[in-house]
Amino acid sequence: MKPSSLAVAVGAATALACAVTASPWVQGGDSGEMIAVAARGGVLHPPGYPLYAMLARVFAQLPFGSVAWRVSLLSAAAMGVAAGVIVQALRGMGVSGAAAASATLGLALSPLIWTYGSLPEVFALHLALAAVVVLAAVRRDAPLAGLAMGLGAANHHTLVLLLPLAILACRRRPLVAAAALLAGLTPYAYLVYQARHATPGAWVWGDAGGWHGLVRHFLRAEYGTFTLHAGYGQPGYWRHLVAYLVHLPDQTLAVGLIAGLAGLAWLPRGLRLAFGASLTLAVAFLCVFNTPVNGIMLAIAQRFWLLPTFLLAVPAAFALDRLRIRMPRIGLAALVIFPLLQAARSYPLADQRRDDTLERYVRDALAIAAQDAVIVGRGDEAVFGFLYGRAVLGLRPDVRYVDGNMLAANEWYFRRVQRDVGEVGAAFGAISDAGVVGALVSRGPVYLTRVLEVPLPLWPEGPLLRVGDPPALDQVARLNEEIFRRRPPPVGPWRPWALQVRRAYGASYGALARQMEGAGRPAEAGAWFERAHKMVVDAP
């Protein structure tokens, strides 16, 4: 099989695997925002990801499947490109086709990488551009390297970690590379256009329509340019690095890790230093993270594990090829077993088709909300979930969502809420949950997605908590029994974002249990407490 044919075959197999497990639903994290902007246009959170937004807009127009599934197909296609390009680069360095295919599939089908190849997120496209940089370095192709780095800056900034490889490709023709890089940045013109001319109802983050706003958006100024999250303190320096190294043997079945480290010695001499430096930067970058190493924050950080893990495919292919030559029987067995075993154990972990947890929550919450209600909450799964519900599913245009975190941190969002919803009880910079809810409840029905510190009575209504004096306790219990009979809470899978959503149902059960307990009805309280416990604790 010719190298180009092998690359196409491996890329197609990878894309097909990701397409089979692609999510037809909104997922946690940023996916609701990604799908909404793909469907309606608009501007994504900083740095804007304009290349992804443009391509997702195209995929969203496909005439089949849900919008979420169409946008997930972009990730599947991008993962196919990433795998095929890496195989092409390996064949260009003289690695056998069997070793190139085995190492690439074995790492591309690792649990995390396969998962993000099935989600409406930017990271599969990020890996595709990283693979192009590797290919450009192998070929010493300055225009290709410059273009890939520019497009990378228009998608995910961490492609800059491959700068040593880009320099290797560009050092003989730096001016040509610079021109290609500038060409790669042109998708930011799309971001400016969307910021100025977005269709009504489109989600537009910030104000990137002018130079000042565009630069702030590009530099992620709202988050802190060199921090993962503005809400936390200084970096932990080693905690996320240790977490990655602890999980790496499992992600690579140990085979990919051992072969990847061993194979660094067999990389071509001209490539070895640049590749080693890029891989080191990709791993060391984890040291700047300033978030906890658990729960949702760990899940967010794990996205940055993808690049160094995928890069291991290059040296791993050299090691597996050397093993095939020196120990033919063992080497052949390793070439066959590694990708097959990886695919078999990763498939159920990467399969997103059964995880409709957030979609069901959004549908349930919007179905029970009163006319012209305002829902107040915190967290990406809520703000982007309800954005998806309104912008993509077309549900309840009368219901508004207000996010407490964004209201306190983003002045543009504060102004937008005041314009679209009304006064929120304080000036920007002096926002409190109590003040916001108090101001909103004076104008109409208000619900909370979670328990917040507000000096007002709360009572459960389905997966939401309603603000205000409750009806009789028996009436509240009957109402919730009926809601949960018609709309049963989601069950599994036990992923971090899904668990975050399930806590909303648990909070409603718990609130009703406490009201039963306060009314001196311990048996009924115990039953509701047990249901709350099952929603958030009984993980397999």
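Source: prediction; values computed, not measured. (Residues numbered from 1 in each chain as written. Predicted model: local features only at pLDDT ≥ 70, side-chain atom pairs only at ≥ 80, totals over all residues. Heavy atoms only, no water.)

Section: the overall build of the chain
Heads up, the condition is: Secondary structure elements follow DSSP: runs of H or I no shorter than four residues count as helices, runs of E no shorter than two count as strands, and numbering proceeds from the N terminus. Restricting the calculation to C-alpha atoms gives the radius of gyration, and the globule rule supplies 2.2 Å times the number of residues raised to the power 0.38. Each residue is assigned to one of three classes by its accessible area relative to the maximum for its type, calculated with a 1.4 Å probe on protein chains only: buried under 20%, partly exposed between the two thresholds, exposed over 50%. In what follows, residue pairs with any heavy atoms lying within 4.5 Å of each other are defined as contacts. Each accessible area is a Shrake-Rupley estimate made with a 1.4 Å probe; only the visible protein chains count as cover when residues are assessed. A residue counts as positive if it is Lys or Arg and as negative if it is Asp or Glu; His and the chain ends are not included. By convention, the point assigned to a charge is CZ for Arg, NZ for Lys, CD for Glu and CG for Asp.
Summing up its helical and strand segments, the chain has 27 helices and 7 strands in all. Over its C-alpha trace the chain gives a radius of gyration of 25 Å, about what one expects of a compact globule, namely 24 Å for 540 residues. Split into buried and exposed, the 540 residues of the chain put 56% on the buried side. Restricting to contacts in the chain with at least 6 residues of sequence separation, those with at least 24 account for 72%. Total accessible area on the chain stands at roughly 21900 Å², and carbon and sulfur atoms take up 64% of it. Looking at charge distribution, the chain has the averaged site of its 47 positive side-chain charges lying 14 Å from that of its 32 negative ones.

Quick word on a nonpolar patch on the surface
Keep this limit in mind: Patches here: salt-bridge-free residues with over 30% relative accessible area, like charges joined within 9 Å, nonpolar side chains (Val, Leu, Ile, Met, Phe, Trp, Tyr) joined within 5 Å. For this document, the term salt bridge refers to a Lys or Arg side-chain nitrogen within 4 Å of an Asp or Glu carboxyl oxygen.
On the surface, a nonpolar cluster with roughly 480 Å² of combined accessible area is contributed by Leu332, Val336, Ile337, Leu340 and Leu341. Summarising the element assignment, Val336 is placed in helix α19 (residues 328–350). Residue classification places Val336 among the partly exposed residues on the basis of a relative accessible area of 41%.

Looking at the pairing of strand β7 (residues 464–467)
What counts is decided by this rule: Two strands form a pair only when DSSP identifies at least two bridges running between them.
Where strand β5 (residues 446–448) lies against β7, 2 bridges are found, and the strand directions are antiparallel. Bridged to Leu448 within β7 is Leu465. A loop of 2 residues connects strand β6 (residues 458–461) with β7, the two strands running antiparallel in sequence, and Gly462 in this loop sits at a positive phi of about 65°.

Quick notes on the pairing of β6
Inspection of the sheet shows β6 paired to β7 by 4 bridges, in the antiparallel sense. In the sheet register, Trp459 faces β7, and the bridge partner there is Arg466.

Description of unusual backbone geometry
Cis geometry marks the peptide bond from Pro46 to Pro47; its omega dihedral reads 10°. Position of Pro47 relative to the elements: it lies in the loop between β1 (42–43) and α3 (50–59). Within the chain, Ala254 stands out as a residue other than glycine whose phi angle is a positive 65°. Mapped onto the elements, Ala254 comes out in the loop between α13 (239–251) and α14 (255–263).

What is shown is where atoms sit, not what they do.
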